[in-house]
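# Fold and contact review
Here's the letter readout for the chains.
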Amino acid sequence: MKVDLKLLLYRAIMLFPITTLFSYYFNILNKLLFAVSFLALIYVGYRKIKKSNILLVLLLIIVYVYTLLKTGAMPYNVNELFYFPFMILYLTYITECMDGLQQYLIKDQKYIKLIMNIWTILVLVSFAFPSSYTVEWGGARYFGSFCKSVWRLAPTCVFIMTLSIVGINIFKNKKAFLYSIVPFLAILSGGSRTYVVVALCLVLVGWYCVINSNKKFILTCIPFLLIVFLVLINSSIIDKFTATSYSDSSYFDLWGTITSGRSIFWAADIESFINSPFLTKLLGQGFNSIYDINYRAFGGRVWAHNDFIQCLISHGLLGLTLYLIVMFKAFKSLKKYKVNWFIYFLTIIIWLFNAMFNMFYTYFCSILSFPILILGLTAIRKKTMEKQYRQHFCIQNT
């Protein structure tokens, strides 16, 4: 029996929002699913490598091998071995095969809707369980569902909200917008300020896709945003803002408190990069260096909470260049179809805000969903172009 590895890859990708929900209890599921996805990606996308990608893959190998040698030991976070290469290879392959991905989405609508329904039911049910909440930041309760962490839950929410946009634009079902409600409420209840901004942008993008008219969107935005504001001020995110506001008793200075320590270890990270030798600047300091720098500056072995700084320290200028190249290729698709400037801007914020203040490429659901989001948004312009063509054709033939 011949296995369709491309279909296997796409279907495995769609399962991540569900398996991530149970990663606290059964992390092996995520690891197995990732192994299947990565091997399928390599075989489908790079068994016969395109000439245009040869240089990119060679540079990735050079950067990756140097990072391993520079680390010289097992990474503190073993997952670090896979985050960066997967992101480069996945985004490169998917953004070059948008048509194939769209055909899959259209053919596999029932499977995708099933994933969205299962995720929504599971998260809705989990709101009722006390074990879905943790007490943090100022003693308030924050929602983490079955995975017990907003940092694992929120990327799955982003994925489901992305699929709701796919439902609106590709499946031609405006009711699919309703699938954004539960993930949006889950993020508001989780206490992540970064993901609240990302979720709000996704809700606005989804709403625009439903309206598909600049004038109607502007007119409906005021009551729509008012509803969002009322939900926002009655959610757990307000507790997070209160807990991270500066006072005389705060442990850090003003900016250190507001940024939850980011401004402190970012300064140390940048100083380390500036003072490093040329070859280290070019190819990085290894996987563990960022954690050691932040431990000395901040007292905790945390990653940079910033894609660009993490890439600079771990993989150097060359690694950061590879990162920016694949992101440029992804956004190029939106530019090609001349997507509305407002939607284009919001899509940049969805990526950039996450990349700047939390991290994008270290969360699989964020990486997996992003090219799917771009594909869903190009469908807006495709519909407009098709409509204009039909009108022009009718005029020419009257």
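None of these values were measured; they are calculated from a predicted model.

About the criteria used
Residues numbered from 1 in each chain as written. Predicted model: local features only at pLDDT ≥ 70, side-chain atom pairs only at ≥ 80, totals over all residues. Heavy atoms only, no water. Helix = DSSP H or I, 4+ residues; strand = E, 2+ residues; numbered from the N terminus. Buried < 20%, exposed > 50% of the residue type's maximum accessible area, 1.4 Å probe, protein only. Contact = heavy atoms within 4.5 Å. Areas by Shrake-Rupley, 256 points an atom, 1.4 Å probe, with all protein chains shown as cover. Core = buried A, V, L, I, M, F, W, Y, C linked by side-chain atoms within 4.5 Å. Axes fitted to C-alpha atoms, helices over the stretch in contact; angles between N-to-C directions. Parallel < 35°, antiparallel > 145°, perpendicular 65-115°, else oblique. Left-handed = near helix turned anticlockwise from the far one by under 90°. Patch = residues over 30% accessible without salt bridge, like charges linked within 9 Å, V, L, I, M, F, W, Y side chains within 5 Å. Salt bridge = Lys/Arg side-chain N within 4 Å of Asp/Glu carboxyl O. Nonpolar A, V, L, I, M, F, W, Y, C, P; charged D, E, K, R; others polar.

### What about the overall build of the protein chain?
Tallying secondary structure elements over the protein chain gives 18 helices and 2 strands in all. A buried classification covers 53% of the 398 residues belonging to the protein chain. Partitioning the contacts of the protein chain with sequence separation of at least 6, the portion at a separation of at least 24 is 75%. Within the structure as shown, the protein chain displays about 19,100 Å² of accessible surface, and the carbon and sulfur contribution to it stands at 68%.

### Brief notes about the nonpolar core
Ranked by size, the top nonpolar core spans 129 residues in total, and within it Met14, Met87, Tyr90, Leu105, Tyr323, Phe360 and Tyr361 carry the most contacts. Sequence-distant contacts of Leu105, that is, excluding residues within four places in its chain, are made with Met14, Ile112, Val166, Ile170, Phe171 and Leu375.

### Structural notes on the environment of Leu29
With respect to the helices and strands, Leu29 occurs in helix 2 (residues 27-46). Relative accessible area serves as the criterion here: at 40%, Leu29 is assigned to the partly exposed category. Measuring from C-alpha to C-alpha, the distance between Leu29 and Thr19 comes to 6.3 Å, with 10 residues separating the pair along the chain.

### Side note on the packing of helix 6 (residues 109-126) against helix 8 (residues 181-190)
As a packed pair, helix 6 and helix 8 sit with axes 10 Å apart at the nearest point and diverge in direction by 40 degrees. One finds that helix 6 runs oblique with respect to helix 8. The two elements helix 6 and helix 8 cross, and the hand of that crossing is left-handed. Every residue of helix 8 that contacts helix 6 at Trp119, Thr120, Val123 and Leu124 is listed here: Val182, Pro183 and Ala186.

### Concerning a nonpolar patch on the surface
Taken together, Tyr24, Tyr25, Phe26, Ile28, Leu29 and Leu32 make up a surface patch of nonpolar side chains, about 650 Å² in accessible area. Summarising the element assignment, Tyr24 is placed in the loop between helix 1 (5-21) and helix 2.

### Points about the pattern of salt bridges
Taken as a whole, this structure holds 4 salt bridges when the rule is applied. Notably, a salt bridge pairs Lys329 with Glu96, separated by 3.7 Å at the nearest N-O pair. In this pair, Lys329 sits in helix 16 (residues 307-336) while Glu96 sits in helix 4 (residues 80-96), placing the two residues 233 residues apart along the sequence. A salt bridge links Arg301 to Asp292; the nearest nitrogen and oxygen atoms lie 3.3 Å apart.

### Focus on the environment of Tyr208
Its place among the elements puts Tyr208 in helix 9 (residues 193-211). Assessed through its relative accessible area of 6%, Tyr208 is described here as buried. Put simply, Tyr208 and Cys221 are 13 residues apart on the chain and 9.2 Å apart in space, counted from C-alpha to C-alpha. In contact with Tyr208, not counting residues within four places along its chain, are Ser213, Asn214, Phe217, Asn340 and Ile343.

### Quick word on the side chain of Asp108
For Asp108, the location among the structural elements is in the loop between helix 5 (98-107) and helix 6. Sequence-distant contacts of Asp108, defined by excluding residues within four places in its chain, comprise Leu7 and Arg11.

### Digging into the packing of helix 2 against helix 4
Following both chains from N to C, one finds helix 2 and helix 4 inclined at 45 degrees, their axes separated by 11 Å at the closest point. By the criterion of interaxial angle, the relationship of helix 2 to helix 4 is oblique. Where helix 2 crosses over helix 4, the handedness of that crossing is left-handed. Mapping the contact onto sequence places Phe34, Phe38, Leu41, Ile42, Val44, Gly45 and Tyr46 in helix 2 and Phe82, Pro85, Phe86, Ile88, Leu89, Tyr90, Thr92 and Tyr93 in helix 4. Across the contact of helix 2 with helix 4, the residue classes break down as 13 nonpolar, 2 polar and no charged.

Interpretation note: all reported values are geometric properties and have no functional meaning in isolation.
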